[in-house]
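Close look at the chain arrangement
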Amino acid sequence: MDKRSGKIFPRNLTARAAYQVPGNPAVTRLEDAVGNCYPGLELDVRNFDRRFFPGLVFEFVGRDDNSAPYDEPQRYGAWLRYVDYLFDPELQADNADARRLLLDIELAAGTLGAHTDWYLEWVEQGGKRLSMRLHNPDNPDYPLDGLYVWRLLRGLAPGALKIGLKRRGAADAAEVVLDGWRRHFTDPVTGVISGAYLPGELLQSLCSPWQHDFRDCACMYWASNHPDAVFQELDPGEPTLPNGEAANPLLANLRVDWLRAERSRDVSAEAANTIAKNRPYQFDHFQINHEWQNLNVVLHDREIDSVYVPLRERHANPFASPEELACELRDKLGPMEMALALEYLYARFSLLSSEEAAGSHWSTMKDDVTFIRGGLMIIATCEMQHLRWVNELLWMLHDAGLIASYQPVLRPAKKLPDGKGGWRDAALRRLTPDALNDFINIERPSGFLDGAYSKVIATLRSPIYPAHAIELAERIDSDGVDHYSRFREVETALKAYQGAEPALPYLRRVEIGTPGQAAAALAIYQDILRDLGKGYMDYARGGMTEGAPLVNVARLKMNELLQVGEKLAADGIGIPFWPQQ
């Protein structure tokens, strides 16, 4: 501020601060800028590298899209737009290197400015030279697309750098070689963006108006601000689950296109699975310019077009001590997660494969079993992830000194909640209506599992526990509702086969095999448990590099188990994951 006039003058200071500025969203920090070159959200990062070499300004000329034909190779690459050395702060520095490079550029300026077809031919750093041409037998001197050239320059390290420039329109023209350094984009002391960049230069290639980019860009970097497929807001009076989702599984899992032009609930249809299929039904460019503000806010993947009322937070009494919490995780919740994963996996094996279903006289059978098998695989995988998180909670408690020891939890429970206040035996069963009903009951919101993890979450809110621990527990808790909705979808899909003759036409005739019949599968299963156990013990000791290979091997063996299990099930043999009574 000028103290005499009281006027405030801009200083081009970087948005980065040493702390999170109150009131500013996280994305206003410089390190959170989206480093995408098509371009980014706040700036086009390519514009930094236009001036990667002090005193010169380049343009990266390429095809409109990587899939476009390579039909103008002589135009592609890093084209020298102009020489700009008079006011470049790095060339005005008072040191020998700056004075030498400034003199070299001044001497070459006439040559470089006399023609408009100068391109970057190569760069050399650390004794290694990178050519800006593609060398192969078919095209020995093909210029690289400007996007590829930019990628190469983006990877240069700060420090000494030599470059070669050559004219494209004069093959016999001599090269201009300059010996300098890679530009520093910010001042090493103040953090201010280099004064070489003119106002607006970093934004000059962004879409205008921005709504067009917001509509057309297919990149996932919009994630926090640009929803894609969302759940529609429920009609007033629609029955809901305790978490606010629709009780009707079709509504609970129906995603619509957030950019749809027709906003009426009565005509909303499920979003298609590709951008191209959704595009004809979205806002066009003219519409989004005028109506972008009518797009709904999205919270928890659901559109909100009225006043948002947060769900009431569930409360539970915490466990009395870390050891009591560990006992619940170790002796009850962990084994239950594993038993459920195996029950769901066995039920998946009992379903016909899509190839087997293709021969059915039911026209919908193939699509139905493909859908149900996919859903069961997702749920079973989630239960295994929950088992991993239970183990992680336990080793976090041990690492924090809150419990005396840690041992991997890798055994299935013998009893499971029946969803009605009682207990049932863990059982390996085909996906019969009774089995499906048990799966729905145990995953039902506000059932046993929900209540159990509510106590875990309430306990982990205490400051004596590791801060990250509560996030794991909350993720397990929230997954339960998704599992319930998926099982309800399965129930809906299977209603078409009620009363069918023969009964349950979508199931294989699978029975639990003997250890001898399933020896190969059980051997793989035991290998998985062994590798996971060793890996988890390494993790608990802080040996992530030692444990990760073991866990990765176990994951690969899980794929092998799926293949062997499918072959057995096709022959009517189910894997006996635990001894049968």
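Thresholds, definitions, all that
- Starting from 1, residues in each chain are numbered consecutively following that chain's sequence as written.
- It should be noted that, the model being predicted, local features are given only for residues of pLDDT at least 70 and side-chain atom pairs only at 80 or more, the latter also being counted only at that level, while totals for whole chains, interfaces and linings use all residues.
- Here the side-chain values reflect all heavy atoms present in the structure, with hydrogen atoms and water set aside.
- Numbering of helices and strands runs from the N terminus, with a helix taken as a DSSP run of H or I at least four residues long and a strand as a DSSP run of E at least two residues long.
- For each residue, the accessible area found with a 1.4 Å probe, counting protein chains only, is set against the maximum for its type, and the residue is called buried under 20%, exposed over 50%, and partly exposed in between.
- We call two residues contacting when some pair of their heavy atoms lies within 4.5 Å.
- Under the convention used here, a 1.4 Å probe and the Shrake-Rupley method define accessible areas, while residue burial counts only the protein chains that appear.
- Each aromatic pair joins two rings of Phe, Tyr and Trp (for Trp, the six-membered one) with centres within 6.5 Å, and gets the label stacked for planes under 30 degrees apart, edge-to-face for over 60, and tilted for any other angle.
- By definition here, charges over rings are those cases where NZ of Lys or CZ of Arg is within 6 Å of the ring centre and within 35 degrees of the ring normal.
- A helix is expected to span 1.5 Å for every residue after the first.
- Across the chain, bend at a residue is computed as the angle between axes fitted to the seven residues ending at that point and the seven starting from it.

**Examining the overall build of the protein**
The helix and strand tally for the protein stands at 15 helices and 16 strands. For the protein, the proportion of its 581 residues judged to be buried stands at 44%. Counted over contacts in the protein with a minimum sequence separation of 6, partners at least 24 positions apart contribute 69%. Carbon and sulfur atoms make up 54% of the accessible area of the protein, which amounts to about 30900 Å² in all.

**Things to note about the packing of aromatic side chains**
Across all of its chains, the model carries 17 aromatic pairs by this definition. Pairing Phe185 with Tyr197 gives two aromatic rings, centres 6.4 Å apart and planes at 65 degrees, and the pair type is edge-to-face. One end of the pair, Phe185, is in the loop between β8 (176-182) and α4 (210-216); the other, Tyr197, is in the loop between β8 and α4, and 12 residues separate them in sequence. Residue classification places Tyr197 among the buried positions, given a relative accessible area of 6%. A connected cluster of aromatic rings, assembled from ring pairs, spans Trp395, Tyr406, Tyr536 and Tyr539. A cation over a ring is seen here: Arg129 above Trp122, with NZ or CZ 3.5 Å from the ring centre. Its end group placed over the ring of Tyr119, Arg168 keeps NZ or CZ at 3.9 Å from the ring centre.

**With respect to helix α2 (residues 96-113)**
In a regular helix each residue adds 1.5 Å, so 18 residues correspond to 26 Å; α2 covers 25 Å between its end C-alpha atoms and thus fits that length. A maximum bend of about 35 degrees is found in α2 at Leu107. Restricting attention to buried positions, one finds in α2 the residues Ala98, Leu101, Leu102, Ile105, Ala108, Ala109 and Leu112. Looking at the buried positions of α2, the neighbouring elements they touch are β1 (56-61), β2 (77-83), β3 (118-125), β7 (159-167) and β8.

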